[in-house]
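Chains, contacts and geometry: an overview
Spelled out from the first residue to the last, the chains are:
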Amino acid sequence: MYYDALKTFVTLVEVKNFTKTADILLMSQPNVSLHIKKLEQEFQTKLLLRSPKYIKITPTGEILYERAKQMITIYEQTRRDIEERHNTIKGELKIGASFTIGEYILPSLLIDLQNDYPELELQVMIGNTEEIVQSVQLYKVDIGLIEGQTNEKELSVHSFMQDELFIVSSNKHELAKKKNLTISDLQNQAWVTREVGSGTREYLNHLIRSNGLKVKSLLTISSNQGIKETLIKNGMGLSLLSRSVIERDVQHHTLSILQVKNETFPRTLSYVYSPIMKDKKNVQTFISSLKQKWPTS
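Relative to the helices and strands, K280 resides in the loop between β11 (265-273) and α10 (281-293). Overall, the relative accessible area of 4% leaves K280 in the buried class. With residues up to four places along the chain from it excluded, the contact list for K280 reads Q77, D81, E92 and D142.

Have a look at this one:
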């Protein structure tokens, strides 16, 4: 098993010093050198360029560095899973969630989980859909919640909720006062939207392309709240946002939904995980709670 050698290599690459690496890993400096030598013999390549003044990673070393971090994560996760008592839901659960889900949908489930499993330590990372998929791939999170699907074949993707997007504006916008809106009314409008990599942005891009809409201007903000504040305070611009994001603002009459004739904008919310996480008890518990809260037809 090359765990110790890989751990040594990753640590050395990150601290760039043999003495510090030995201190961190509680081993002698010759042992650090021996681990690196074994790896270079195993892969028949030079992993590091060394001199009295610097340590520089080679191109093949870069490849091993990225893979080694994943292998170490898998090994340590496996060890934790084996040690975990079968009859107790406890320990860490790292959840990744896209902004819309993490800020407006997930909190109610987190409260349920805390009440049901007080020993379960929940950690939530929020990012856009693209970032969450990447975090799942790199094992930075145990499971991710995203808007739509992903084309990453090595991941397991399952829908858990149907969501609907709405075109919204300030109450002061000219279209907010117009009845019987059609797609043509959306021509040459200013839009305020999420960043590239967001599931909501991807949907808006599809809406614009598929309907041949010309865009007057495009303002990108990587925050749903930032988008809403911009619409409200500016009085201009349109946005495409989830029902969960705008529900309270519509009730308080600070934003208006623009109902476009014969048009709806549905999408699917999904959970995604690496197959290695499938049998992790905490992940199974989370998925079970997710399905119970939002049962799909």
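Still to come is the rest of the account.
Most of the time, phi is negative for any residue but glycine, and the peptide bond is trans. With a phi close to 55°, N180 is a non-glycine residue in the positive phi region. Along the polypeptide, N180 turns up in the loop between β6 (156-170) and β7 (189-193). Among the residues examined, N180 registers a relative accessible area of 67% and is labelled exposed. Of note in this structure, H253 is not a glycine but carries a positive phi near 60°. Structurally, the position occupied by H253 is in the loop between α9 (243-251) and β10 (255-257).

This part is about the environment of L238. Inspection of the secondary structure assignment puts L238 in strand β9 (residues 238-242). Given a relative accessible area of 0%, L238 falls into the buried group. Apart from residues lying up to four places away in sequence, L238 is in contact with I167, V168, S169, H173, L175, L186, Q189, A190, W191, V192, L231 and L258.

What follows concerns the packing of aromatic side chains. By convention here, two paired aromatic rings are described through the distance between centres and the angle between planes. Applying the stated criterion to the full structure yields four aromatic pairs. Ring centres 6.2 Å apart and planes at 15° place the aromatic pair Y271 and Y273 in the stacked group.

Our focus in this paragraph is the nonpolar core. By size, the foremost hydrophobic cluster in this structure holds 25 residues, and its most contacted members are L106, L145, F160 and F286. Of all the elements in the fold, those that place two or more residues in this core are β3 (91-98), α5 (99-116), β5 (143-147), β6, β11 and α10. Here this core takes six residues from α5, the largest share from any one element. Residues within four places of L106 in sequence aside, it is in contact with I95, A97, I101, V124, L145 and F286. Residues L6, L47, I55 and I72 belong to the second largest nonpolar core, which totals 20 residues.

Reading the values: rules and limits
Residue numbers here run from 1 along each chain, matching the order of that chain's written sequence. Residue-level local features of this predicted model are given only where pLDDT is at least 70; pairs of side-chain atoms are given and counted only at 80 or more, and the full residue set underlies all totals for whole chains, interfaces and linings. Values shown for side chains rest on all heavy atoms present in the structure; no hydrogens or waters enter the calculation. Segments assigned H or I by DSSP are reported as helices when at least four residues long, segments assigned E as strands when at least two residues long, and all are numbered from the N terminus. Here's how the labels work: a residue is buried when its accessible area is under 20% of the maximum for its type, exposed when over 50%, partly exposed in between, all with a 1.4 Å probe on protein chains only. Any pair of residues with heavy atoms lying within 4.5 Å of one another is described as a contacting pair. By convention, a stacked pair of Phe, Tyr or Trp rings (six-membered ring in the case of Trp) has centres within 6.5 Å and planes under 30 degrees apart, an edge-to-face pair has planes over 60 apart, and any other such pair is tilted. Here the nonpolar core consists of buried residues drawn from Ala, Val, Leu, Ile, Met, Phe, Trp, Tyr and Cys, with membership extended through side-chain atoms lying within 4.5 Å.

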